[in-house]
Structure formats: C-alpha cells, structure tokens
Amino acid sequence: MGDQNTLLSTRDARHLLRRTGFGTATTPATALTGLTRGAAANKLLAFKPAGFVPRGSNMYRTHNSWVKYMVNVKYPLQEKLVLFWHDHFATSNDKVADHRSMATQNKLQRLSSKGNFKTLDKAINKDGAMMEFLDTVRNYKDQPNENYARELLELFTLGVRDLAGQPTYTQADIVQIARALTGWDWDHREKTHFHDYDHDFADEFPERGPKVIFRTTGGFLPAGSGRDYTLPQGEGPGEINRVIDILFEHRDSTGKNTVARHIAKKMIEYFAHPLPGYPADAAIVDEIVSRSQFAVTWNIAALVREILVDDFFYASNSPVPHTESTPKSVKWPIDFVISTLRTLKVTPRGVDAYISGGSYQSLYDQLGNMGQYLFYPPSVFGWDWETAWLSSASMLARYNFARDVTGARGSGRFFFHPERLINLNLTDPGAIVTAAATVLDIDEQITTAQRNALIAYLGPGPLNLRDYDTRNAKLHGLFCLLLQCPASHLH
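I will try to describe carefully the structure that is included in this document.

Conventions and cut-offs
- Residues numbered from 1 in each chain as written.
- Predicted model: local features only at pLDDT ≥ 70, side-chain atom pairs only at ≥ 80, totals over all residues.
- Heavy atoms only, no water.
- Helix = DSSP H or I, 4+ residues; strand = E, 2+ residues; numbered from the N terminus.
- Buried < 20%, exposed > 50% of the residue type's maximum accessible area, 1.4 Å probe, protein only.
- Contact = heavy atoms within 4.5 Å.
- Areas by Shrake-Rupley, 256 points an atom, 1.4 Å probe, with all protein chains shown as cover.
- Lys, Arg positive; Asp, Glu negative; His and termini not counted.
- Charge placed at Lys NZ, Arg CZ, Asp CG, Glu CD.
- Expected span 1.5 Å × (residues − 1).
- Polar contact = N/O pair within 3.5 Å; in protein donor to acceptor, adjacent residues only side chain to side chain.
- Salt bridge = Lys/Arg side-chain N within 4 Å of Asp/Glu carboxyl O.
- Arc of directions from axis to C-beta.
- Axes fitted to C-alpha atoms, helices over the stretch in contact; angles between N-to-C directions.
- Parallel < 35°, antiparallel > 145°, perpendicular 65-115°, else oblique.
- Left-handed = near helix turned anticlockwise from the far one by under 90°.
- Nonpolar A, V, L, I, M, F, W, Y, C, P; charged D, E, K, R; others polar.

Helices and strands together make up the secondary structure of the protein chain, namely 22 helices and four strands. Viewed in the frame of its principal axes, the protein chain has a C-alpha envelope of about 90 × 50 × 40 Å. Across the 491 residues in the protein chain, those meeting the buried criterion constitute 56%. The contacts of the protein chain with a sequence gap of at least 6 include a subset with a gap of at least 24, amounting to 71%. For the protein chain, the computed accessible surface area is about 19,500 Å², with 53% contributed by carbon and sulfur atoms. The distance from the centre of the 53 positive side-chain charges to the centre of the 52 negative ones in the protein chain is 8 Å.

Here the focus is helix α6 (residues 99-111). For α6, which comprises 13 residues, the first-to-last C-alpha distance of 18 Å matches the rise-based estimate of 18 Å (1.5 Å per residue) to within 8%. Along α6, the positions that sit buried rather than exposed are His 99, Ser 101, Met 102, Ala 103, Gln 105, Asn 106, Gln 109 and Arg 110. Next to the buried residues of α6 lie α3 (59-72), α4 (76-88), α5 (93-96), α7 (117-125), α8 (128-133) and β1 (184-186). For α6, the capping residue at the N-terminal end is Asp 98, with a side-chain oxygen 3.1 Å from the backbone nitrogen of Arg 100.

Turning to the pattern of salt bridges, a few remarks are in order. One pass over the full model with this rule turns up 29 salt bridges. The closest approach of N and O atoms between Arg 100 and Asp 98, which form a salt bridge, is 3.7 Å. A residue is classified by how much of its surface remains accessible, and Arg 100, at 47% relative accessible area, is partly exposed. When the shortest N-O distance is used, the salt bridge between Arg 291 and Asp 310 registers 3.1 Å.

This part takes up the side chain of Thr 406. Here Thr 406 shows up in helix α19 (residues 392-406). Take Thr 406: its relative accessible area is 3%, and that puts it in the buried class. One polar contact links the side chain of Thr 406 to the main-chain carbonyl oxygen of Arg 403, over a distance of 3.4 Å. Ignoring any residue separated from it by four or fewer positions in sequence, one finds Thr 406 in contact with Leu 344, Phe 416, His 476, Phe 479, Cys 480 and Leu 483.

On to unusual backbone geometry. Generally, phi is negative for residues other than glycine and the peptide bonds are trans, each holding for most cases. A cis amide bond, omega 5°, links Tyr 278 with the succeeding residue Pro 279. Tracing the backbone shows Pro 279 in the loop between α12 (258-271) and α13 (280-292). A cis amide bond links Gly 461 to the next residue, Pro 462, at an omega of -5°. As for its position among the elements, Pro 462 is in the loop between α21 (448-458) and α22 (468-483).

Once that is clear, we can look at helix α2 (residues 37-44). Along an α-helix, residues three or four apart share an orientation, since each turn contains 3.6 residues. Restricting attention to buried positions, one finds in α2 the residues Arg 37, Gly 38, Ala 40, Ala 41 and Leu 44. Viewed along the axis of α2, the buried residues span an arc of 165°, placing them on a single side of the element.

Helix-helix packing: each pair is described by the crossing angle between the helix axes and the interaxial distance. Remark: α19 packs on α22, axes separated minimally by 9 Å, with the N-to-C direction vectors making an angle of 155°. As judged from the angle between their axes, α19 and α22 are roughly antiparallel. α19 and α22 meet at a crossing whose hand is right-handed. Of the residues in α22, those in contact with Ala 402, Arg 403, Val 405 and Thr 406 of α19 are His 476, Phe 479, Cys 480 and Leu 483. Split into classes, the residues belonging to the contact of α19 with α22 amount to five nonpolar, two polar and one charged.

Here it is in structure tokens:
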C-alpha cells in the first residue's frame, strides 16, 4: 500500500507520464524517479493554464490547429484535462455549425481545466456553443425546452443514478429547471443575453406554480418538501447560477455529495482504468473525494492530485503488465496519435496537418478513421471509452497511421529519423528490439512471443544499422510493427 509519500520507481514515473501526458518523450521518467507520488503530482499540476485558442478559417483547420498544438504543448496534462472536459461537456459542431464558438468553448475548458468545477459548470451554462447545441436558445417561456436541463442533470452533474444504483432526479426536476433557464440567447459575436420578456416568471404562469426541484431526491430538508430555489434571490437572470448552487448541494441515497462522486468516478476512470463496481468503487471514490476535499472546494487540481497518488491509479503498473490480471485502459485515438508523433519527433505538415508518408492523409482523416473527430463527439454522451474504441475498422486505421508515420522518409522535422532515437552501434537483433521498444515505452509490455517474432523479422545478426539500406529496410519496419502491437494501444 502506498500514499502521497511513496517514492516513485522508474516504472512508476513512466506510468505517471503515460497517463497524464502523451508518452514519456518530452519529460523523461528520470525527472520524476525518486520523487514522492505527491511531489511528482504537484510538479505535473504546476502549469498555468494557457489561453490558446484553435484557429482556422473553418472547422477542419480549427481541428488541425488544436492537434498540432498538442504535438508541441509544453504541459501535456493541461491538454489531457481539456480532452476530458471536451468529452464531459460534449458539444458537436454538427449542430453548432460555428467553428469560432467551438474554439471559444475549447479555450474556456483550457483556462478552467484545473480550476473550480462549480465555476466551470456555471460558465458552460452560458457558453454559446453549448447554448446552441442543447437548445438553450430555443428554451422559451411559452414552451420550455428541456434538452439542456436534462443533460445538466444526467451527464454534467448528478448522473442518472448514484453509485448505489438509485435515481438522483425525476422528470419533474427537469421540467422545473428548464423553466428557470428560459430567456437566454447568444449571438455570433459570442455574447450571451438574457431576455426577461421570454423568461418564465411564476406570476405569469400561475397554473405551473413555483419552481420547486428535488421534492423526492437530493436529501434536501425538510424531508419531502422540496426547495423553491427562486427564493430569496428572486426570479430572473440569477436563476441560471442558482440552479448550479442547488445541484452542488445534492446528496445521494447514501448521504454523499452526488456531484462530487459523479465527477470523481469519471475522472478516476479517465486517468486510471474502469472501477470494479459497487460497493468497491464507492470506497475508492469516497476516499479520493475526502482527501481532496472536492465536495467542499470543487478544486479540480486537488482532485486530480489525489487520483495520481492513489494505489488504484498505480494498480495497472505491475511488473508484468501484459498479464490478464492487470487492469488496463485503451488509449483514445488522439492519445495514440499525439503520443506517437511526440515520441518519434515527427511534425504534421501544413495547415492540413498531414503525415509525409504512406497515404499522406491529414490527421483529421486519420483520427476520424480511428473513431474520434475532435469537436464532433458522436452524441451528448461524448465518446464511448475502452473497448468501444476497438473495432476492425478503427484498428486498421491505427495500423495505417503507424505505417504512414514510420514510412515518412526524408530530411527534416516532417520525417521519421529512427537513427536519432536508438544507438546505431547496436548489432544484436534482440538488443535492437529492446532499444526500439524502450523508445516507445512498451519494453515491459510486449510478450515473449511478440519479442521473438520481432527478432525474427530483423533476421540473424549481427546487423549494421549504420548501413542506410539496412536501416531503411528494417528499422523503420520495426518501429511500425511495435506501434501495431497491442501494448502500443493500451495504458
């Protein structure tokens, strides 16, 4: 058992860097080895959120702008958090149809990536892209639109059911919250506006009664009476924030803060691996929420820190990670792509961000073929994680990307130069396989059978890696095969 004072081994440091960034190439594991878990987490979280905004004349180029930023970003954990919030507050340009507003939301999530979750939730309430995507702009007093209110409860804060499997809200709660959010709009200068003439005031609709939520769930007192959240603040524009304040006071069927548990569970599984199921997962979640005081402060950085020092986070980092008993997590397509480019020191080319080898496809198309167009999550639920990333089509797309990036031959930063990554004095095929696998940070994950197959591919030694033809024929191919190994697609 470990805690924040446990010293990191090199294996632990590599694991930490893989999960919080894009590979271990930018920050060598040696920089964290010997630090305590707590000190290492503090170091990774010490970044100041950047105000970067993806730029482009259309969504295609805006997408590629973000991808190229990730390839070169100084603080990878920042972008891992942005990706988490992009998935959590899933908003698709398919409906928004405004790349500038999507980019503005991306900036909001970056600046708020490790800040206060309640503040972020309130900001998302008034985000133009979200207002368009979930129909806040079509939420009129005469006929309130329930789309945003439903997803606010179901996905963004409470979850449909708590960890014990009990419902956290009712349809009546959705109806009342939708009423409270009427009257809001935004313009394409990305400014939000409140129109009192289109807001549901209780006096105007006496048959609807006061806006009361959580009559039967949430643990509000007095028991069963609900709460009229329009008082004492009154009705009007302030209700949109008051809704969030009330939601963050919600208690689940076991008396725990519902929002804190819901967000912590999702973030634990994002950085670590799937939780085991109730009641074991409740114990893990509650311990991390308690140590971080997330249910009190709503500090995202504090929550992340406690995840990164917990034994559960390191459980998938056994000395033999490829055994069936070791929990693993499937890399997102964007993680696989960015990690590969950063590790191999290959830069995507031009505004199209294409790879100078193989099919010469843009990263937009490469990622789409793998199942992840950024700014286009498949639904308000975001992307399906873990094995949902794996299909015959998506794996073929991953293999094709590996082929393209390792086949990018030429002079300069747009091309792959394996001779810059391993010692060319190596002659033994086994040593060469080990060296290449170490570069890709999978040397401990490949199986004996896989290793033997790769040695057979290189052929009998000794090999002369200083010979161009040998290097061109074998070394590029070796890296391609390693990137196609299962270990390259799992954490």
